[in-house]
Amino acid sequence: MNRKMKYVLVTGGVVSGLGKGVTASSIGVLLKACGLRVTSIKIDPYLNTDAGTMSPFEHGEVFVLDDGGEVDLDLGNYERFLDVILTRDNNITTGKIYQSVIDKERKGDYLGKTVQVVPHITDAIQDWIERVAMIPVDGKQGPADVCVIELGGTIGDIESMPFIEALGQFSYRVGPGNFCLVHVSLVPVLNVVGEQKTKPTQHSVRGLRGLGLTPNILACRSSKALEDNVKIKLSQFCQVPEENIITLYDVSNIWHIPLLLRDQKAHEAILKRLDLLGYAGEPALGEWTSRAEMCDRLHEPVRIAMVGKYTGLSDAYLSVLKALLHASVECRRKLIIDWVAAGDLEDVTANEAPNVYKAAWNLLRGADGVIVPGGFGDRGVQGKIRAARYARENKIPYLGICLGMQIAVIEYARSVLNLKDANSTEFDPETTNPCVIIMPEGSKTHMGGTMRLGTRKTYFQVPDCKSAKLYGNVSFIDERHRHRYEVNPDMIAQLESAGLTFVGKDETGQRMEIIELPNHPYYVGVQFHPEFKSRPGKPSAPFLGLIAAACGRLEDALQNGGRITSVTESKKSCINGKASVKVHVNGNVTKPAKGFVNGVCANGNGVHI
């Protein structure tokens, strides 16, 4: 289409964490299903230049893009939902904007004028949005039709003010028919009254209007669908047409959100506002609907022990969880995550909190597969090493990502090569057997953007290895990296002579990318982060291998180039004899698995995604 770019802005009110990112992603899915090309921009009002130096406890995971951009996790939602490849510029932060303006001021670009928030910062924001919106992200030529912009934070936050002002000006700049504002707000139900309360949303919309922005559509988060009288009240007090008030009530899985929007004609409201009704078709969401409904029907569980440092916050491993979910749905299994804090597997916990230690080991022993995700710092490392050893010695499917691969190498050197002090120089700079070392170009003094970041090629050294087969028997792959340390190339010959195979290396042959144990059902470590490129319907190969091995379906995946053929749910769910759910043809569960009661884990540690 040779028309002006159309913009959909998603803002949030009342409280944070309402799901603006999923809402923005779902709007994109809906518009894409109508035949439009969609791109996305996320605005984060914090002063950091990017998310790279932020703690996962503070802000969730750091999502890495092809170009090496370390960005907000919502860009991961956009990429997964829309199946696009974004750039670092698709994530705007206050730090980036101010840095660009100050750089221009230092060069004298403002010709002696006093540089101010208005107009210089606000103009820079608008220019950035217009420039980035034109970058194609779907592999096709030319710009997209619609750009979905999500403004992080909550309306009224002091750090958001320059962006609110800029977006108000921007709506005027692009003109009527090219800008649609969707405001996500909370409609709580007070237990005492049992009534859906509209006042928080009223106040939020009033604040938004006072800042120069008028919502066209209200997306109301609530536990249940909005009652008719509540919609009428919101329409009256917020001056939004009743048909433009959408309920985003709690659903069984987030793949239902685009369907909720479709069922409430959200696409018609957006297309009408953007003058696109004559250009777009009815949303074609057949495959999306099938996947969402299939996810709900899955009963037979596969239990994966997630051995990490940030087990108190699932957002810290969001992409890993999504990749596990994609693989589990492909294998027709109900994913159950058993969170195992790595430190709880160590001797110090056994002495100080024996019950915690015992519970952690029981979870690990009850799992069908083990995953050790990436991370930094030495906390919990000994516990991760123990988990890797347990999986290796007991033939339990294991996947180590980044640090998880390095952990597997250290454990192998200690246990098989009998190098008791084998370690990473990250944890022990004085070790006499440094299995893992800092890369020559790495920096210990500057944290931001100094790692090996973004897409790099990995070449398979052993054509018939499990990893190559799972990737479809290609000669090389492109995966995203984020690491400062790597396996010591000087120790490769010693490790390989003891049976550990380095099946994937970079183009120089000096950087180890994939390890495997040939005599193990599935023991794989990858230096890259395959979770960042996993998609619904297109699960990441290493994750599919882990789940398939945990379900006893690995041979199927290997023979079919990383795909799973039709699955009979009545088969046993794992290779190591753990309990499984037996299911009749009509789907009625006849025998619940140990610790799996009415859809939740009895021990409280399992999580359904």
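Note that the coordinates shown come from a computational prediction; the quantities given were computed from them, not determined experimentally.

Colleague: Hey, could you go over the pairing of strand 13 (residues 334-341) for me, with residue numbers and the actual values?
Modeller: Of all 8 residues that make up strand 13, 6 are buried, and the element is covered over most of its length. Bridge count between strand 12 (residues 301-308) and strand 13: 8 bridges; the pairing is parallel. What sits directly across from Pro 301, in strand 13, is Lys 334.

Colleague: Before we move on, could you go through the UniProt feature "domain: CTP synthase N-terminal" (unreviewed entry) in the chain and cite the residues and values that matter?
Modeller: Mapped onto the present numbering, the UniProt feature "domain: CTP synthase N-terminal" (unreviewed entry) falls on residues 6-276. For residues 6-276, the end-to-end C-alpha separation is 9 Å, with 41% helix and 18% strand making up the annotated structure.

Colleague: Which residues make up the layout of surface pockets, and what values do they have?
Modeller: When its volume is computed, the largest pocket comes out at roughly 1,200 Å³. Lining the largest pocket are 45 residues, and of these Gly 17, Gly 19, Leu 73, Asp 74 and Asp 315 sit closest to its centre. For the lining of the largest pocket, the secondary structure elements donating two or more residues are helix 1 (20-33), strand 2 (38-44), helix 2 (56-59), helix 3 (74-82), strand 11 (245-249) and helix 12 (318-330). For the lining of the largest pocket, a count of residues per class yields 18 nonpolar, 14 polar and 13 charged. For the second largest pocket, the calculated volume is near 480 Å³. Forming the walls of the second largest pocket are 23 residues, and the residues nearest its centre are Pro 56, Val 62, Gly 375, Phe 376 and Arg 482. Broken down by class, the residue content of the lining of the second largest pocket amounts to 13 nonpolar, 6 polar and 4 charged.

Colleague: If you had to explain the pattern of salt bridges to someone new, which residues and values would you point to?
Modeller: Going through the model one piece at a time under the given rule, you end up with 30 salt bridges. The salt bridge involving Lys 42 is made with Asp 44; its shortest N-O contact spans 3.1 Å. Of the charged contacts, one joins Arg 392 and Glu 411 as a salt bridge, the two residues approaching to 2.8 Å between their closest N and O atoms. With Arg 392 in helix 15 (residues 381-393) and Glu 411 in helix 16 (residues 403-415), the pair connects residues that are 19 residues apart, well separated along the chain. Relative accessible area serves as the criterion here: at 13%, Arg 392 is assigned to the buried category.

Colleague: Go over the pairing of strand 22 (residues 512-516) with me, naming the residues and quoting the values.
Modeller: In terms of burial, strand 22 is largely enclosed, as 5 of its 5 residues are buried. Two strands pair when backbone bridges link them, and strand 21 (residues 501-505) and strand 22 are joined in this way by 4 bridges, in the antiparallel orientation. By the bridge assignment for strand 22, Phe 502 is matched with Ile 515. What sits between the antiparallel neighbours strand 21 and strand 22 is a turn of 6 residues, in which Gly 509 has the positive phi angle 80°. In this sheet, strand 23 (residues 523-526) lies alongside strand 22 in antiparallel orientation, the contact comprising 3 bridges. Along strand 23, the bridge assignment pairs Ile 514 with Val 526. Connecting strand 22 to the antiparallel partner strand 23 that follows it, the hairpin turn spans 6 residues.

Colleague: Could you give an account of the state of the cysteines, with specific residues and numbers?
Modeller: A full pass over the atoms with the stated rule returns 0 disulfides. The cysteine Cys 34 is free of any disulfide, with Cys 180 supplying the nearest cysteine sulfur at 13 Å. Left without a disulfide partner, Cys 331 is nearest to the cysteine sulfur of Cys 551, which lies 5.0 Å away. We classify Cys 331 as buried; its relative accessible area is 0%.

Colleague: Describe the sheet that holds strand 1 (residues 6-12), with residues and values.
Modeller: Judged by pairing direction, the sheet is parallel, and its 7 strands sit side by side in the order 5-2-6-1-7-10-11 without closing on themselves. Pairing within the sheet leaves two strands with one partner each, and these edge strands are strand 5 (91-93) and strand 11. Sheet twist, expressed as the average angle between the axes of neighbouring strands with direction ignored, equals 20°.

Colleague: Explain empty space enclosed by the protein to me, and be specific about the residues and the numbers.
Modeller: Summed over all chains, the structure comprises 4 cavities of 30 Å³ or more. Approximately 60 Å³ is the volume found for the largest cavity. Around the largest cavity sit Gly 375, Phe 376, Cys 402, Leu 403, Gln 406, Glu 426, His 483, Arg 484 and Tyr 485, which together line it.

Colleague: Break down helix 14 (residues 354-365) for me, with residues and values.
Modeller: Since the α-helix packs 3.6 residues into each turn, any two residues three or four apart lie on the same face. Taking 1.5 Å per residue as the helical rise, helix 14 with its 12 residues ought to reach 16 Å, and the 16 Å between its terminal C-alpha atoms agrees with that figure. Among the residues of helix 14, Ala 360, Trp 361, Leu 363 and Leu 364 are the ones counted as buried. Viewed along the axis of helix 14, the buried residues span an arc of 155°, placing them on a single side of the element. In helix 14, the exposed positions angled more than 90 degrees off the buried face are occupied by Asn 355 and Lys 358. At its buried positions, helix 14 is contacted by strand 12, strand 13, strand 14 (369-372) and helix 15.

Colleague: Please set out the sheet that holds strand 17 (residues 434-438) residue by residue, giving values where relevant.
Modeller: The 3 strands lie next to each other as 16-17-20, forming an open sheet whose pairing is mixed. Here the strands that pair on one side only, and so sit at the sheet edges, are strand 16 (423-424) and strand 20 (485-487). Taken together, the 2 bridges between strand 16 and strand 17 define a ladder with parallel strand orientation. Residue pairing for strand 17: Ser 424 is matched across the bridge by Val 436. Sheet strands in contact with helix 16 are strand 16, strand 17 and strand 20, and its direction is about 150° off that of strand 17.

Colleague: Quick rundown of the side chain of Asn 178? Include the residues and the values.
Modeller: Examined against the element boundaries, Asn 178 turns out to sit in the loop between helix 6 (161-174) and strand 7 (179-186). Only 2.8 Å separates the side chain of Asn 178 from the backbone oxygen of Val 174, close enough to count as a polar contact. The contacts of Asn 178, once residues within four sequence positions are left out, are Lys 4, Met 5, Lys 6, Tyr 7 and Leu 274.

About the cut-offs
Residues numbered from 1 in each chain as written. Predicted model: local features only at pLDDT ≥ 70, side-chain atom pairs only at ≥ 80, totals over all residues. Heavy atoms only, no water. Buried < 20%, exposed > 50% of the residue type's maximum accessible area, 1.4 Å probe, protein only. Helix = DSSP H or I, 4+ residues; strand = E, 2+ residues; numbered from the N terminus. Pairing = 2+ DSSP bridges. UniProt positions renumbered as here; feature names shortened; annotations may be inferred. 1 Å grid on protein atoms, 1.4 Å probe; cavity = no way out; pocket = protein on both sides within 12 Å on 5 of 7 lines; lining within 4 Å. Points joined across faces, edges and corners; volume = space filled by probe spheres on them. Nonpolar A, V, L, I, M, F, W, Y, C, P; charged D, E, K, R; others polar. Salt bridge = Lys/Arg side-chain N within 4 Å of Asp/Glu carboxyl O. Disulfide = S-S within 2.5 Å. Axes fitted to C-alpha atoms, helices over the stretch in contact; angles between N-to-C directions. Expected span 1.5 Å × (residues − 1). Arc of directions from axis to C-beta. Contact = heavy atoms within 4.5 Å. Polar contact = N/O pair within 3.5 Å; in protein donor to acceptor, adjacent residues only side chain to side chain.

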